[in-house]
Amino acid sequence: MNNAIPFREKLSAWLPRFVLLFCLVQPILDVLTYWQETLGYSNIVTFLIRVLLIAVLIWTGFLLSRKKWIYFVSVGVMALYLTGHLLACHQYGWIDALSDLKDQSRILMLPLMTLSFVTLIRRNGDCVKAIKLGFAVNMVVFLFVAFLATVTGTDPHTYYDKHIGVLGWFLWGNSQSAILSMITPVLIAWTLRRFPGKQLPVILTAALCFAMLYFIGTRAAYGTLIGTGLLLSVCIFVTDKARRPAAAAILLLAAAFCALYPFSPTKANQDALKQRGEVKQERLYRSVAPYGIEPGTERTEDPEALAAAYRYWLQGMIDRFGLERVAKTYDYTLKQELLSTRRDNMLRFCELLMEDAPPLSHIFGLEIGTMRQETTLYYYYQDEFRPGTEIFEPENDLHSIYYLCGAAGLALMLAFLLCFGLRALRTLLLRFRSAFHPDYIAFCAAYGFCMLCVYSTSAVLRRVNTSVYLAMVLAVLWELSRLDRYPARREKGAAENP
């Protein structure tokens with residue numbers, strides 16, 4: 001026992017270095033994963049490295065925790081949920097148990113990683129500084145990778161089929177967008193503290209971060225750009241008179257990128273979607289013309305005409321549930337904006353799955369294999385049909401969690417995520433004068449922007465490369481939200497901030 005105490009103390013002293021290393025490895029693993037996928041190699045090596053790092057993180061957190069019962073309770077709740085999920089999948093009928101367990105493990109990692117980071121921060125407050133520094137270095141890596149991909153002509157683009165958006169060597173545009181949305185406000189606030197009295201480093205940092213958000217081209221990233229500019233400029237202007245020029249510059253930069261919206265990848269993508277919608281509608285009417293359907297007709301109950309129209313975007317759903325049931329679900333419409341919207345199609349497919357599922361699946365979710373269908377796929381740019389597998393996993397995390405984890409899983413995840421937001425809000429309400437400063441607001445903003453990504457994309461809770469950043473943000477926000485960090489009334493000097 002006496003030997004264990006010094007060991008824990010030595011381990012605690014090394015925690016900031018471990019956290020920094022953990023941070024720095026993430027973009028490297030993402031780039032390697034991209035090239036392995038692109039070149040057709042197995043990603044088993046990067047997968048094992050990522051799993052090993054997370055296992056070490058959780059083991060270290062458990063070892064150093066003074067409240068190990070929290071870990072036991074967390075694992076116990078997860079075990080009870082997973083048991084219910086496995087029973088529900090068994091009752092429905094297994095398709096691919098291994099893939100389902102792998103997907104479930106991605107979701108369950110987030111709470112354990114967050115709990116571990118909270119423990120590490122409590123044992124050594126310098127872990128917060130390590131996370132901020134790690135975010136700063138990672139943004140440099142993102143900039144460098146995006147630059148290399150662009151100049152070498154190997155950028156896959158955020159919207160690869162339209163060649164729009166600068167992504168860099170990363171697999172998922174929405175995941176990268178969510179990561180940038182979390183890092184940007186934290187990095188600007190870090191630069192503000194790192195270079196006291198200097199305006200230029202803050203302005204350059206904001207300009208580079210905003211440029212990354214601008215050129216990646218997603219709506220979530222563009223919203224982060226605007227939100228960060230407003231929140232941090234107001235916060236800096238109110239709390240630090242000496243930095244008001246920097247606050248004004250940040251606001252002006254955000255306004256400049258807003259003024260450039262007509263030339264942005266975000267606008268280009270929206271225009272491309274609109275133009276593609278017109279072509280889709282024309283092709284749909286062309287397909288139903290032989291059945292006497294005139295252009296402009298909004299619905300029909302002719303089964304042959306419906307089969308011809310729906311084969312473009314709903315063939316997988318028809319193969320699973322039948323034409324009549326699918327047509328009734330869409331109210332026999334011939335509007336392409338209702339038929340070709342992938343997000344809506346995925347939700348309707350999962351709704352039909354749930355209609356056929358036993359009650360236990362409503363509570364604990366469906367197996368991921370039920371959301372795949374062998375069918376004939378339509379390729380818009382080639383205007384041709386090919387056999388393939390259509391994937392109907394919902395395109396936002398909250399719907400994904402409900403259909404994959406059931407009402408129980410969704411309730412647990414929402415309770416977990418809201419716990420951090422409500423705690424942060426409580427601190428702001430009770431200690432506003434002392435807590436309202438750039439460091440705290442930056443992590444609140446990172447949390448808020450990521451929750452918007454959770455609501456609008458499926459790129460956070462089921463993507464470990466993104467959820468590791470969310471775990472770090474949640475852990476730091478938990479620490480910064482402690483009421484005992486801030487005086488009840490603002491005194492001279494800033495509140496304590498790691």
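Before any of the text, the structure's been laid out above.
Residues numbered from 1 in each chain as written. Predicted model: local features only at pLDDT ≥ 70, side-chain atom pairs only at ≥ 80, totals over all residues. Heavy atoms only, no water.

## Description of the overall build of the protein
In terms of helices and strands, the protein carries 20 helices and 2 strands. For a compact globule of 498 residues, the expected C-alpha radius of gyration is about 23 Å, and the protein comes in at 25 Å, within 12% of that figure. For the C-alpha atoms alone, the extent of the protein along its principal axes is close to 80 × 55 × 45 Å. Taking all 498 residues of the protein together, the buried fraction comes to 52%. Long-range pairs, those at least 24 residues apart, make up 73% of the contacts in the protein with a sequence separation of at least 6. A total accessible area of about 23,100 Å² is found for the protein, and carbon and sulfur atoms account for 64% of it. Averaging the positions of the 49 positive and the 39 negative side-chain charges in the protein gives two centres separated by 16 Å. (Helix = DSSP H or I, 4+ residues; strand = E, 2+ residues; numbered from the N terminus. Rg over C-alpha atoms; globule rule 2.2 N^0.38 Å. Buried < 20%, exposed > 50% of the residue type's maximum accessible area, 1.4 Å probe, protein only. Contact = heavy atoms within 4.5 Å. Areas by Shrake-Rupley, 256 points an atom, 1.4 Å probe, with all protein chains shown as cover. Lys, Arg positive; Asp, Glu negative; His and termini not counted. Charge placed at Lys NZ, Arg CZ, Asp CG, Glu CD.)

## Comments concerning the pattern of salt bridges
On inspection of all chains with the given rule, the structure shows 25 salt bridges. Linking glutamate 301 and arginine 299 is a salt bridge whose minimum nitrogen-to-oxygen distance equals 3.9 Å. The partly exposed category is assigned to arginine 299, whose relative accessible area is 40%. Measuring nitrogen to oxygen at the nearest pair gives 2.9 Å for the salt bridge that ties aspartate 356 to arginine 325. Here aspartate 356, found in helix α15 (residues 342-356), pairs with arginine 325, found in helix α13 (residues 323-329); they are 31 residues apart in sequence, far enough to count as distant. Judged by relative accessible area, aspartate 356 falls into the partly exposed class, the value being 42%. (Salt bridge = Lys/Arg side-chain N within 4 Å of Asp/Glu carboxyl O.)

## What to know about the state of the cysteines
Scanning all chains against the criterion turns up 0 disulfides. Of all cysteine sulfurs in the structure, the one in cysteine 89 sits closest to cysteine 405, which takes part in no disulfide; the separation is 9.7 Å. (Disulfide = S-S within 2.5 Å.)

## Some thoughts on the pairing of strand β2 (residues 384-391)
Two strands pair when backbone bridges link them, and strand β1 (residues 372-379) and β2 are joined in this way by 8 bridges, in the antiparallel orientation. Counted as the bridge partner of tyrosine 379 is glutamate 384 from β2. Following β1, the chain reverses through 4 residues before pairing antiparallel with β2; aspartate 383 in that reversal takes a positive phi of roughly 50°. (Pairing = 2+ DSSP bridges.)

## Topic: the nonpolar core
Core analysis: the largest hydrophobic core is formed by 145 residues, its most contacted members being Phe210, Tyr310 and Leu470. Per-element accounting of this core gives the leading share, 12 residues, to helix α20 (residues 464-480). Setting aside residues no more than four positions away along its own chain, phenylalanine 210 makes contact with Thr184, Ile188, Leu225, Thr228, Gly229, Ile250, Leu253, Ala254 and Phe257. (Core = buried A, V, L, I, M, F, W, Y, C linked by side-chain atoms within 4.5 Å.)

## Considering unusual backbone geometry
Note: most residues except glycine have negative phi, and most peptide bonds are trans. Positive phi, close to 55°, is recorded for aspartate 331, a residue that is not glycine. Mapping aspartate 331 onto the fold places it in the loop between α13 and α14 (336-339). The class of aspartate 331 is partly exposed, set by a relative accessible area of 47%. The backbone of aspartate 383 sits at a positive phi, close to 50°, despite the residue not being glycine. As for its placement among the helices and strands, aspartate 383 is situated in the loop between β1 and β2.

## Re α20
Helix length check: α20 (17 residues) gives 24 Å between terminal C-alpha atoms against 24 Å at 1.5 Å per residue, within 8%. Burial analysis of α20 places 16 of its 17 residues in the buried class, the great majority of the element. (Expected span 1.5 Å × (residues − 1).)

## Here's the deal with helix α6 (residues 173-194)
With 22 residues, α6 extends 30 Å from end C-alpha to end C-alpha; this agrees with the ideal 32 Å at 1.5 Å per step. In the structure, α6 departs most strongly from a straight axis at isoleucine 183, where the bend amounts to approximately 25° and where the proline proline 185 lies between one and four residues downstream. Among the 22 residues of α6, 18 are classified as buried, and the element is accordingly described as predominantly covered. (Bend = angle between axes of the 7 residues up to and from the residue.)

## A word on the packing of aromatic side chains
Per the stated rule, a full pass over the model turns up 28 aromatic pairs. Between phenylalanine 321 and phenylalanine 349 the ring centres are 5.2 Å apart and the planes differ by 70°, which places this aromatic pair in the edge-to-face class. Note that phenylalanine 321 is positioned in helix α12 (residues 315-321) and phenylalanine 349 in helix α15, a separation of 28 residues in sequence. For phenylalanine 321, a relative accessible area of 12% puts it in the buried group. (Phe/Tyr/Trp six-rings, centres within 6.5 Å; stacked < 30°, edge-to-face > 60°.)

## Re the packing of helix α3 (residues 68-92) against helix α4 (residues 97-123)
Two elements in contact, α3 and α4, have axes separated by 11 Å at closest approach and are oriented at 170°. If you check the angle between α3 and α4, you find them roughly antiparallel. Along its contact with α3, which presents Ile70, Tyr71, Ser74, Val75, Met78, Tyr81, Leu82, His85, Leu86 and Cys89, the element α4 presents Asp100, Leu101, Gln104, Leu108, Pro111, Leu112, Leu115, Ser116 and Thr119. The residue inventory of the contact of α3 with α4, partitioned by class, reads 13 nonpolar, 5 polar and 1 charged. (Axes fitted to C-alpha atoms, helices over the stretch in contact; angles between N-to-C directions. Parallel < 35°, antiparallel > 145°, perpendicular 65-115°, else oblique. Nonpolar A, V, L, I, M, F, W, Y, C, P; charged D, E, K, R; others polar.)

## Focus: a nonpolar patch on the surface
Taken together, the side chains of Ile44, Val45, Phe47, Leu48, Ile49 and Val51 define a hydrophobic patch exposed on the protein surface, amounting to about 490 Å² of accessible area. For valine 45, the location among the structural elements is in helix α2 (residues 44-64). (Patch = residues over 30% accessible without salt bridge, like charges linked within 9 Å, V, L, I, M, F, W, Y side chains within 5 Å.)

## Comments concerning the packing of helix α7 (residues 200-216) against helix α9 (residues 244-259)
Running from amino to carboxyl end, α7 crosses α9 at an angle of 20°, the nearest separation of the two axes being 10 Å. Here α9 runs roughly parallel to α7, going by the angle between their axes. Pair α7 / α9 crosses with right-handed handedness. Judged by residue contacts, Val202, Ile203, Ala206, Ala207, Phe210, Ala211 and Tyr214 of α7 engage Ala246, Ala249, Ile250, Leu253, Ala254 and Phe257 from α9. Within the contact of α7 with α9, the residues separate by chemical class into 13 nonpolar, no polar and no charged. (Left-handed = near helix turned anticlockwise from the far one by under 90°.)

That is the geometry; function is a separate question.
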